[in-house]
Amino acid sequence: MKIIKADNYEHMSKMAARTMASQIALKNNSVIGLATGDTPLGMYRELIKIYEDEELDFSNIKTFNLDEYYGLNIDNENSYYFYMMNNFFKHINMRKENINIPNGMTENIEAECFSYDKKIKASGGIDIQVLGIGVNGHIGFNEPNTSFEVGTHLVELEKETIKSNSRFFNSPEEVPTKAISMGIKTIMQSRAIMLLASGEKKAAAIEKAVKGKISTAVPASILQLHNNVTLIVDKAAGEFI
Ligand code: F6R
């Protein structure tokens, strides 16, 4: 695992955006895996700047998001679809048909999950997958003790995750308790992975992910077995590594 220690959140975001921009410049039809949450917001802002200043072309880029809440419509402002549109896609020249986010309103979960993984394969596989990490070590919404062998699937969110995500909702009761998430197997099939973490609340999870035993108790620890992972942390998140 290649570890890059950034000075702070802005620095981490700039380095992450530069990595993505080079990927896109080198391969204009890259398949990119994206994450939501607080962590990649700065990277999206930087990428939008690079797009505007350097005319980075997203028109042939395909994206696959890690996850979506189960039961939230795309026009619900807490849906990850809404987040992606607002924070990134509407600012760049992505084609709508190249954007893939699990359908949280599906009536057939199994078919949705199966076809999501199938579509990733059919598009040639993910060239680079962006990941954040939960304080419990989750990646995507693969909570502790999820099998490493599963593809995209429906997950029950842990109490801690619901609590942490409730900051975006009016009350914790409004946070969906389930989500559709790429599985660890899907994530591990990406050709490259870029894991981002910022802030002291992520330091323990990062330490376990990087130096701890590889175990489903810390889903991110599986990344030790991937041959092309770049971890970009700020000083606080990288304190113990
Ligand atoms: C988001 C995702 C999650 C987050 C993680 C960290 O698509 O899959 O694994 O990356 O929960 O969230 P933040 O960045 O809000 O701390």
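Reference entry: report on the structure contained in this document. (Residues numbered from 1 in each chain as written. Predicted model: local features only at pLDDT ≥ 70, side-chain atom pairs only at ≥ 80, totals over all residues. Heavy atoms only, no water.)

**So, the site of the ligand**
Close contacts around the ligand come from 13 residues, with T39, D67, H138, G140 and K202 the closest. Contact distances for the ligand include 2.6 Å between an oxygen atom and a side-chain N or O atom of H138. A distance of 2.9 Å is found between an oxygen atom of the ligand and a side-chain nitrogen or oxygen belonging to R167. In isolation the ligand offers 410 Å² of accessible surface; the protein chains occlude 94% of this area. Across the shell around the ligand, the residue classes tally to 3 nonpolar, 6 polar and 4 charged. (Near = heavy atom within 4 Å. Polar contact = N/O pair within 3.5 Å; in protein donor to acceptor, adjacent residues only side chain to side chain. Areas by Shrake-Rupley, 256 points an atom, 1.4 Å probe, with all protein chains shown as cover. Nonpolar A, V, L, I, M, F, W, Y, C, P; charged D, E, K, R; others polar.)

**A short note on unusual backbone geometry**
You will see that N145, though not glycine, has its phi angle at about 75°, which is positive. Note on placement: N145 falls in the loop between β6 (128-131) and β7 (153-156). (Helix = DSSP H or I, 4+ residues; strand = E, 2+ residues; numbered from the N terminus.)

**Comments concerning the sheet that holds strand β4 (residues 67-69)**
Across the sheet, 3 strands lie side by side as β4-β8-β7; this open sheet has antiparallel pairing. The open sheet terminates on both sides in strands that have one partner only, identified here as β4 and β7. Neighbour to neighbour, the strand axes of the sheet diverge by 30° on average, direction disregarded. Judged from the 4 bridges that link them, β7 and strand β8 (residues 178-181) form a sheet pairing that is antiparallel. For V155, the partnering residue across the bridge sits in β8 and is A179. (Pairing = 2+ DSSP bridges. Axes fitted to C-alpha atoms, helices over the stretch in contact; angles between N-to-C directions.)

**So, the packing of aromatic side chains**
Under the defined criterion, the tally for this structure stands at 11 aromatic pairs. Aromatic side chains F58 and F88 sit 5.8 Å apart centroid to centroid with 90° between the ring planes, which places their arrangement in the edge-to-face category. With F58 in the loop between α2 (41-54) and β3 (62-65) and F88 in the loop between α3 (80-87) and β5 (99-100), this pair connects stretches of sequence that are 30 residues apart. A single burial state applies to F58 and to F88, both of which are buried. Through a chain of ring-to-ring contacts, the aromatic side chains of Y44, Y51, F58, Y69, Y80, Y83, F88, F89, F141 and F169 assemble into a single cluster. (Phe/Tyr/Trp six-rings, centres within 6.5 Å; stacked < 30°, edge-to-face > 60°. Buried < 20%, exposed > 50% of the residue type's maximum accessible area, 1.4 Å probe, protein only.)

**Quick word on the packing of helix α1 (residues 9-26) against α2**
The interhelical angle for the contact between α1 and α2, taken along N-to-C directions, is 50°, at an axis separation of 8 Å. The pairing of α1 with α2 is recorded here as oblique in orientation. Here α1 runs over α2; the crossing is right-handed. Contacts between α1 and α2 involve Y9, S13, K14, A16, A17, R18, M20 and A21 from the former and L41, G42, M43, R45, E46, L47, I50 and E54 from the latter. Here the residues of the contact of α1 with α2 sort into 9 nonpolar, 2 polar and 5 charged. (Parallel < 35°, antiparallel > 145°, perpendicular 65-115°, else oblique. Left-handed = near helix turned anticlockwise from the far one by under 90°. Contact = heavy atoms within 4.5 Å.)

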